[in-house]
Every structure is written in C-alpha cells, then in structure tokens.
Amino acid sequence: MKVGVRSLVVKRRLGILAAVAAISSFVLTGGSAYAVSPPFFDEEGDQLVSGALEFRDVPASTNVTECPQAGLSGDRAHPLDKRSGDRAEQKSTGTDQRLNQDFACFPQDETVVDQNPKAPRNYLAGANDYRMGWGTSGFYATTDGGAHWYDGITPFPSLPSGDNLDGGGDPVTLFDRGGVAYYAQINFNRTDDTSGVWVNRSTNGGFTWTRPCVAIRLAPAPSETAACGGAGDVRQPGDGTVGFIQDNDSTLNGSVPAFDKEWMTAGPRPAGVAATCFTPFTHTPTACAEGTVGTDRLYITYSLFSSAGRAQIFLSYSDDQARSWSAARYIAGSGAFCFFFGGNCRDSQGSQPTVNPTTGQLWVGFINGDTVDEDQYLVVTSTDGGQTFSPPSRVDTLYDVNFPRGVNGRTDCNARGQGSTRAVPTNSCFRYDPIFNSIVADKRGGEFANDVYVALADNRNGTIRDSNADIFLYKSTDGGTTWIGPTRVNNDRSDTPANRDCGRSPESISGNSALCPEQNYGGDQFFPFVTITNDGVLNVTFHDRRLDTDSPVGVGGGAWPTSKTEVGNYLVWYWGAQCKITQTQTVSQTTTGPVPSGASQCVAPEAVVNPTVATGFNPGAGPIPGNGQNSATLPFRNFQISDLGSNFDYSFRAGIFAGDYSGNATGPTVSGDSNGNQAMAVWTDARNGRGSGSPTSVQPGRNPICEQSDVFFQTYNSANGGSGSKGNASDSDVFLVAPCPGDIQEKGIGNH
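On a predicted model such as this, the values are computed, not experimentally measured, just so you know. Each chain has its residues counted from 1, following the order in which its sequence is written. For this predicted model, a pLDDT threshold of at least 70 governs which residues receive local features, and a threshold of 80 or more governs which side-chain atom pairs are given and counted, while totals over whole chains, interfaces and linings are taken from all residues. Each side-chain value is worked out from all heavy atoms of the structure, with water and hydrogens disregarded.

Quick look at the sheet that holds strand E24 (residues 470–476) now. Strand pairing in a sheet takes place through backbone hydrogen bonds and is either antiparallel or parallel in direction. Following DSSP output, two strands are said to pair if at least two bridges run between them. Only DSSP runs of H or I covering at least 4 residues are called helices, and only runs of E covering at least 2 are called strands; the numbering of each starts at the N terminus. The sheet built from five strands is open, its strands ordered E22-E23-E24-E25-E29 with antiparallel pairing. Bordering the open sheet on either side are strand E22 (438–441) and strand E29 (608–609), each of which pairs with just one other strand. The pairing of E22 with strand E23 (residues 452–458) spans four bridges and is classified as antiparallel. By the bridge assignment, Ser438 is partnered in E23 with Ala455.

See below:
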C-alpha cells in the first residue's frame with residue numbers, strides 16, 4: 001500500500017490549504033494562478049518530476065580531451081588527438097547511427113523523432129543534451145533520409161529582464177501537416193525557480209530556429225502593448241511562450257510554481273472551430289495577423305506543481321504556428337476513482353496529447369496518483385479543439401509501487417546518489433518511475449475515427465526484490481471511454497510471482513525485499529512509445545533487457561559489483577513490436593468481460609473489456625488477470641532494432657539517470673510513398689560509456705571519466721519490422737566492465 005488512507009487525507013488536506021493560501025500570489029503570463037512548494041513528492045515519497053527538472057543543478061564535467069565516438073561517420077572533421085577505436089567501438093560499427101555530432105564527454109537522453117510529411121527524407125529528432133556542461137535541448141536534423149545529420153542547441157528564450165533561461169529539456173519534436181517544424185521544451189534557471197514552457201519554430205526542416213520570448217510590457221495593464229526585446233527586435237511579443245513564471249526571491253527553494261513534462265501534438269481544427277489568436281498578457285482571443293495561421297492547431301499539455309508536490313495537468317493551444325497561445329486550462333477533471341480533493345484528479349504527471357488527423361478529436365493521457373494504492377492511467381478527450389473536455393476515463397491500474405527502491409533494500413543505489421524512494425530496476429540504479437507512457441489516435445477516419453491506443457509499462461509481474469517490467473497495450477473503440485486490455489506487447493518469457501506484494505509494508509512503500517524469494521521472472525522492458533501507420537500497423541518501441549540471460553553477478557558482471565546481484569537482465573537493447581488492425585467494432589462502457597470478435601485484433605486472448613473492473617487498485621497478492629503469459633498466443637511480433645546492447649550504468653552520473661522516454665515515428669517512405677511503410681526510432685544508448693578502470697576502483701557517487709550516453713537512430717519497415725536478431729548477444733559483453741582507455745585520459749589527471 002502507499003500510505004494509510006487517514007494519513008493520506010491529512011496530507012492532502014494540508015496541501016489544499018497551503019495551495020489556497022498561496023494561489024493569489026503567483027500568476028502565469030496567461031492570467032491563471034497556481035502555487036507550489038518543494039519538495040516535489042507524491043504520496044509514495046517519489047519525486048515525480050522529469051529528469052530535466054530533477055537534475056537541473058547538476059554541473060556535468062569531464063577531465064578527458066576525447067571520448068569514445070562509436071557511431072560517428074567518417075566524412076567529417078576530427079580532433080587532432082583522434083585515436084584508434086577501442087574494442088567496444090570496433091564492435092559498435094553496425095548500421096545504427098549516432099545523431100549528436102559533438103566530441104564532448106557529456107550525455108544525451110530522452111529522445112524523440114518525427115518525419116516531415118511534405119519532405120519524407122527530412123527527419124527531426126530531439127534530446128536532453130548536456131554538451132555545454134548542463135542540461136539543454138538538443139536538435140538533430142537530416143534531409144537525406146538519415147545519411148547525414150546536423151545538430152545543435154535550440155535558442156534560449158529571452159526574458160523581460162533582458163536575460164535568458166539557459167537550462168532546458170523534456171524535448172518534443174513535431175511537424176505539422178504543412179511541413180513546419182516545432183520543438184517544445186521546458187526551460188528554467190539552474191539557480192532559482194524561474195521556469196516555463198516554450199515552443200521554437202523552424203521552416204527549413206529543423207536547421208534554424210526561432211527564439212521564443214516573454215512579452216515585455218510597454219504600457220500599464222490592461223494595455224496589451226508589448227515588445228519582445230529592445231529596439232529592432234522584430235519578433236512578435238510572446239512568440240513561443242506557452243507559460244512562464246518568474247521567481248520571486250532569486251533562490252532555488254520552490255517559492256513559485258514549477259512547470260514540468262510538457263508534450264505537444266498537432267492536428268486539424270474540428271468542424272466548426274475557427275482559428276483564434278491571443279494577446280500576449282491576458283491571452284484574450286484576438287484577430288490573427290495576416291499570413292500567420294498554420295495548417296494545424298498545436299496543442300501543448302504540461303504539469304504544474306502545486307503545494308506539497310501535487311502536479312496538475314494543463315493545456316494551451318495555438319493556431320498561428322506557436323506565436324500566441326490560449327490561456328491555460330485545467331483538463332484532468334474528476335472521477336470516483338480519484339479519492340481526494342473531492343474527486344478531482346489533481347496529482348497527475350506525464351501527460352501526452354494525440355489528435356485524430358481526420359476529425360480533429362483530441363485525447364490526453366496521463367498518470368494519476370489520487371489513489372489508495374497503485375497509481376492509475378487516465379484519459380480525457382475534447383471534440384471542440386480543446387475548449388471543453390470529457391471527465392477522465394480510467395484505462396487501468398499502473399503497478400508502480402512494487403518496484404525495488406532504496407527504502408526496501410536497494411541501498412547500493414543510495415550510495416551512488418539515487419534517491420531512497422526512487423524506483424530502480426534489478427541490477428541497475430537508473431530512475432525507473434513510469435512517469436511517461438504513450439497514447440496515439442488512429443490515423444484513419446470512417447469506422448476507425450473513434451479508435452485510440454495506449455502503451456503502458458509497469459512491474460505487475462515483478463516484486464520489490466526482482467523487477468520484471470513489461471509493456472501492455474490497451475485500446476478503445478468508442479472514443480476513449482471504454483478500454484480493452486491488457487495485451488502484453490513484449491513476447492519474451494515473463495513469469496508471474498506467487499505474491500507480487502511480498503515484502504510490502506501495509507501502509508507504505510517501505511518494505512523488506514528479503515521476504516521475497518529471489519527469482520528471475522523475466523527481462524525488463526520499459527519506456528514504451530506507440531505510433532500507428534496510415535494503414536493501421538501499430539508500432540511500439542521500448543528498451544529491452546531480454547537478450548542478457550547470463551551476465552554474472554558481482555565483479556566481472558557489471559560496472560558496479562555491489563548492484564549486480566542477479567544473473568542476466570542487465571544490458572539494454574532497443575526493440576520494436578508490431579501488429580496490424582484492419583477492422584474495428586464499437587465496444588461501449590456497458591460491456592465487460594470477453595472482447596467482441598470485431599474488436600479483438602491486436603488483443604491478447606486473456607484481455608477483457610474494462611480491465612480496471614477486474615483488477616481494481618490492487619487485486620491481491622497473486623498474478624494480475626489478463627497478462628497474456630503464453631507468449632505463443634500474443635499478437636505482437638517483436639524484433640531487435642539496435643545493433644547491440646549497452647550498459648546504462650555508464651549513462652549519466654554514476655548510472656542514476658538514462659532519461660524517461662525514447663520515441664519512434666511512422667510515415668511515408670523516403671521515395672514519397674503515401675501508404676506509410678517507413679518507421680524510424682531514436683533511443684538513449686550508452687555504448688560510448690566506459691568505466692574508470694578496475695571495477696574495484698569505482699567510487700560510490702563518482703562519475704567515471706568516460707561516462708556518457710548518446711542519441712542513436714535506426715529506420716525499419718513499419719509493416720514487417722526488422723529482419724530478426726541483429727547479432728549474437730555476447731557481442732555486448734564488452735560493455736559489462738569496459739574501462740576507459742588510458743590514451744584518452746588527460747595527462748596527469750588519472751582515472752578520476
């Protein structure tokens with residue numbers, strides 16, 4: 001259980017009173033008010049903030065002059081001290097492409113990609129990029145189908161003070177149907193609480209970008225007369241600014257609200273909805289300037305942290321290519337399954353919007369923690385362009401309490417700098433909370449116009465001692481009210497523990513993992529992302545540890561011997577799964593139990609209608625109904641995308657962070673075929689990471705000198721995937737303990 005119900009109610013009532021007391025003090029540029037105070041904890045004790053926000057004060061550093069550069073093509077300039085590739089680099093020369101072109105020793109993570117519908121050889125990717133020594137927003141663009149890439153850091157937004165926000169992250173890249181590119185992100189100061197959400201715009205495929213600005217008042221309110229900067233600044237006031245709050249005391253102490261984890265989508269305005277633009281300060285509807293109205297309406301959702309760490313989901317939209325934005329609207333709603341705040345679903349994070357490209361209907365999915373036990377995944381929908389939203393529907397329980405954590409036995413991760421209540425996987429210490437999952441609307445109209453799909457990852461088949469995270473698909477054929485599932489997407493072995501709640505304390509996440517039998521229930525899969533082609537092929541991608549079946553424990557079994565306690569389930573590959581839907585049948589909310597045949601495509605035999613009815617918030621200690629444990633009957637075909645596995649212990653600052661998501665996109669082939677049989681994936685890959693020498697020399701909490709992760713890319717057929725396994729899993733064994741080559745250490749510095 002999370003915590004006792006009575007103590008939860010007390011905590012939440014105190015949070016509400018604090019919010020009410022402070023709400024009049026802080027106002028967004030859109031005129032909406034919020035309040036926040038640190039730390040950003042949910043009732044489990046987790047800091048459910050995005051990685052970019054959590055690590056904003058981390059100054060990345062390096063003491064080497066060159067790092068391993070596996071995956072860079074040879075037709076570019078190289079530094080003077082270019083050396084021969086080490087053994088790991090020599091094994092990394094497959095078809096995977098490294099998108100970030102820097103030669104620095106800094107990580108990149110949280111990867112996204114999209115394809116230009118007007119120029120199919122133009123792909124645009126994004127990632128958290130630390131090449132400057134701290135977190136910023138990196139972009140990576142190609143116009144030749146991925147053969148060559150150009151990369152950089154998006155321009156920082158400018159502020160009324162004349163300063164700029166130099167920290168950024170949580171990237172989203174997107175093309176509208178007219179071929180205009182957008183880059184959404186959170187930006188923040190690294191030394192105080194100033195933050196906001198911004199969108200950059202590009203009209204040349206993602207090579208050059210607008211610089212967002214916060215509007216500067218030129219006359220007292222209620223005047224909307226404004227400027228972007230000084231004399232000669234031609235930008236439209238407020239261009240790209242979705243929301244912004246200036247700190248009130250110049251200290252990093254949570255004294256004002258905090259923006260986090262935005263996501264963006266684009267689609268046609270629904271029938272009868274006219275394009276609308278907005279003033280820069282009050283966001284009052286106004287006429288659009290000539291030539292600024294875009295092909296699509298852009299939608300941004302994001303979390304805004306309130307008192308006691310509660311995060312609420314808000315939405316804004318833009319019709320003029322991100323130049324002006326509507327006032328923020330709270331959209332999470334309320335329901336009987338949200339047990340606090342009078343039923344309001346106000347403890348939410350990880351939102352993602354998706355639009356049907358034929359009808360313009362909008363859906364938003366998000367994780368919610370207003371529960372008495374495990375969290376839940378909820379979906380709301382709008383048919384009027386984001387003006388009004390339905391009450392939330394409950395897709396299913398999200399089993400995220402029973403992960404390994406420092407408080408229930410993983411003290412090895414605490415020694416490396418990981419938070420004691422942060423969920424982590426078996427054998428590793430990177431943050432594992434399922435903050436971000438994925439939702440996509442069917443691209444087809446007609447009979448498929450009401451169909452929408454969700455991919456979730458959780459640990460329902462693991463325990464607090466042995467993680468066994470899996471990916472599950474749910475679908476709705478009635479516009480997001482009724483849900484069908486779960487269907488396990490990964491088709492490897494996945495056993496169910498006799499008691500998934502073993503070792504859990506009845507009133508908290510603290511527990512004793514020694515009370516759980518030690519057992520490998522299967523390999524972990526995590527960070528799911530789902531898209532769908534124009535002809536109905538669902539493409540799900542995810543990180544996967546199934547191919548590591550025999551890596552040993554302790555010294556020789558991994559970069560951190562005290563963490564590597566079980567055989568296998570350690571090295572990480574990137575995988576895909578596909579299933580095609582050619583028919584549909586409306587399944588309404590009044591239906592429970594077996595799935596009607598017309599809606600059974602891409603559904604596991606054990607799946608049911610309205611699975612949440614069968615599971616509740618915690619159905620007991622045994623296996624969860626509908627897991628699809630017989631892999632032979634699962635409908636998704638799985639295939640390996642990355643050439644080889646890598647070691648996430650080398651990804652970021654002692655291996656405690658590897659991003660929170662990786663993505664894919666589907667669209668026309670590079671020849672311009674409109675049938676949609678091209679797919680592309682980007683992922684966080686640590687094949688360039690190395691250790692500091694002998695495993696025994698690694699110091700807790702220290703960053704090995706070559707520790708880094710990169711953005712890697714691969715295309716594949718969106719209808720029949722890859723051609724099977726891409727090599728022997730043992731090829732990745734070189735990453736178990738990969739020492740940093742001595743010839744790239746700066747002379748006189750040594751290993752640390």
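Before going further, it helps to spend a moment on the packing of aromatic side chains. Side-chain rings of Phe, Tyr and Trp (the six-membered ring for Trp) are treated as a pair once their centres are within 6.5 Å; stacked means planes under 30 degrees apart, edge-to-face means over 60, and tilted covers the remaining angles. For the coordinates displayed, the defined rule picks out 30 aromatic pairs. Consider the rings of Tyr130 and Phe652, whose centres lie 5.2 Å apart with planes at 65°: the pair is edge-to-face. Of this pair, Tyr130 sits in the loop between strand E3 (123–129) and strand E4 (136–142) while Phe652 sits in the loop between strand E30 (637–640) and strand E31 (664–667), and the two are 522 residues apart along the sequence. For every residue, the accessible area (1.4 Å probe, protein chains only) is compared with the maximum for its type, and the residue is labelled buried under 20%, exposed over 50%, or partly exposed between those bounds. Taking relative accessible area as the criterion, Tyr130 reaches 2% and is therefore assigned buried. Among the aromatic residues, ring-to-ring pairing joins Phe403, Phe430, Tyr432, Phe526, Phe527 and Phe648 into one connected group. Two conditions define a charge sitting above a ring: the NZ of Lys or the CZ of Arg must be within 6 Å of the ring centre, and it must be within 35 degrees of the ring normal. Of note, Arg346 hangs over the ring of Tyr330, and the distance from its end group to the ring centre comes to 5.2 Å.

To continue, consider the pairing of E24. Of all seven residues in E24, seven are buried; the element is thus mostly enclosed. Both faces of E24 are covered, namely the face carrying Asp470, Phe472, Tyr474 and Ser476 and the face carrying Ile471, Leu473 and Lys475. Here E23 pairs with E24 via seven bridges, running antiparallel. Across the sheet, Val452 pairs through a bridge with Ser476, a residue of E24. Relative to strand E25 (residues 484–488), E24 runs antiparallel, the two being bridged by three bridges. Across the sheet, the residue bridging to Lys475 is Ile484, located in E25.

The next subject is the side chain of Thr111. The topology assignment puts Thr111 in strand E2 (residues 108–115). At 3.1 Å, the side chain of Thr111 forms a polar contact with the backbone oxygen of Val682. Definition of a polar contact: a pair of N or O atoms within 3.5 Å, with one able to donate and the other able to accept a hydrogen when the atoms are protein atoms, and with sequence-neighbouring residues admitted only if both atoms are side-chain atoms.

Turning our eyes to something else, we now look at the sheet that holds strand E11 (residues 241–245). In space, the four strands of this open sheet follow the order E6-E7-E8-E11, with antiparallel pairing throughout. Whereas interior strands pair on both sides, the edge strands pair on one side only; in this sheet they are strand E6 (167–175) and E11. Neighbour-to-neighbour, the strand axes of this sheet turn through a mean angle of 20°, independent of strand direction. Relative to E11, strand E8 (residues 195–202) is paired through four bridges, and the arrangement is antiparallel. When the bridges of E11 are listed, Trp198 appears paired with Thr241. Every angle, taken between N-to-C directions, lies between 0 and 180 degrees, and every axis is a line fitted to C-alpha atoms, over only the stretch in contact when it is a helix.

Attention shifts here to the pairing of strand E18 (residues 348–355). Along E18, eight of the eight residues are buried, which leaves the element largely enclosed by surrounding structure. Strand direction decides the pairing type here: E18 and strand E19 (residues 362–368), joined by six bridges, are antiparallel. Bridging across to E19, Gln349 finds its partner in Ile367. Where E18 folds back on E19, the antiparallel hairpin that results is connected by six residues, among which Gly360 adopts a positive phi of roughly 80°.

Here the focus is the nonpolar core. Joining through side-chain atoms within 4.5 Å is the link that ties buried Ala, Val, Leu, Ile, Met, Phe, Trp, Tyr and Cys residues into a set, and such a set is a nonpolar core. The biggest cluster of nonpolar side chains holds 34 residues, and the ones touching the most others in it are Val199, Met264, Ile300 and Tyr302. Looking at this core, the elements with two or more residues in it are helix H2 (51–54), E6, strand E7 (181–188), E8, E11, strand E12 (258–267), strand E15 (297–305) and strand E16 (311–318).

The next thing to look at is the state of the cysteines. Only a pair of cysteine sulfur atoms within 2.5 Å counts as a disulfide in this structure description. Tallied over the full model, the rule gives seven disulfides. Here Cys277 is linked by a disulfide to Cys288, with a sulfur-sulfur distance of 2.0 Å. Of note, the bridge from Cys277 to Cys288 carries an S-S torsion of about 105° and is right-handed in sense. Remark: Cys288 occurs in the loop between strand E14 (285–286) and E15 and Cys277 occurs in strand E13 (residues 277–278); sequence separation between them is eleven residues. Cys277 gets classed as buried once you look at its relative accessible area, which sits at 3%. Residue classification places Cys288 among the partly exposed positions, given a relative accessible area of 24%.

Salt bridges are defined by distance alone: a side-chain nitrogen of Lys or Arg within 4 Å of a carboxyl oxygen of Asp or Glu. By the definition in use, this model includes 36 salt bridges. For the salt bridge of Arg190 with Asp166, the shortest nitrogen-to-oxygen distance reads 3.6 Å. Residue Arg190 is located in the loop between E7 and E8, and its partner Asp166 is located in the loop between strand E5 (150–153) and E6; the two are separated by 24 residues in the primary sequence. Note that Arg201 is salt-bridged to Asp239, the shortest N-O span being 3.0 Å. Of this pair, Arg201 sits in strand E8 while Asp239 sits in the loop between strand E10 (226–227) and E11, and the two are 38 residues apart along the sequence. The same class applies to Arg201 and to Asp239, which are both buried. By sharing partners, the salt bridges in this structure join Arg98, Asp102, Asp129, Arg131, Asp151 and Asp710 into a single network.

In this section: unusual backbone geometry. Going from Ala221 to Pro222, the amide bond is cis rather than trans, its omega being 15°. Along the polypeptide, Pro222 turns up in the loop between strand E9 (216–217) and E10. Backbone torsion omega between Gly485 and Pro486 reads -5°, so that peptide bond is classified as cis. Mapped onto the fold, Pro486 is located in strand E25. We note that Ala322 has phi near 80°; this positive angle belongs to a residue other than glycine. Looking at the element boundaries, Ala322 is found in the loop between E16 and strand E17 (329–330). What makes Ala322 buried here is its relative accessible area of 0%. One non-glycine residue with positive phi stands out, namely Ala654, at about 65°.

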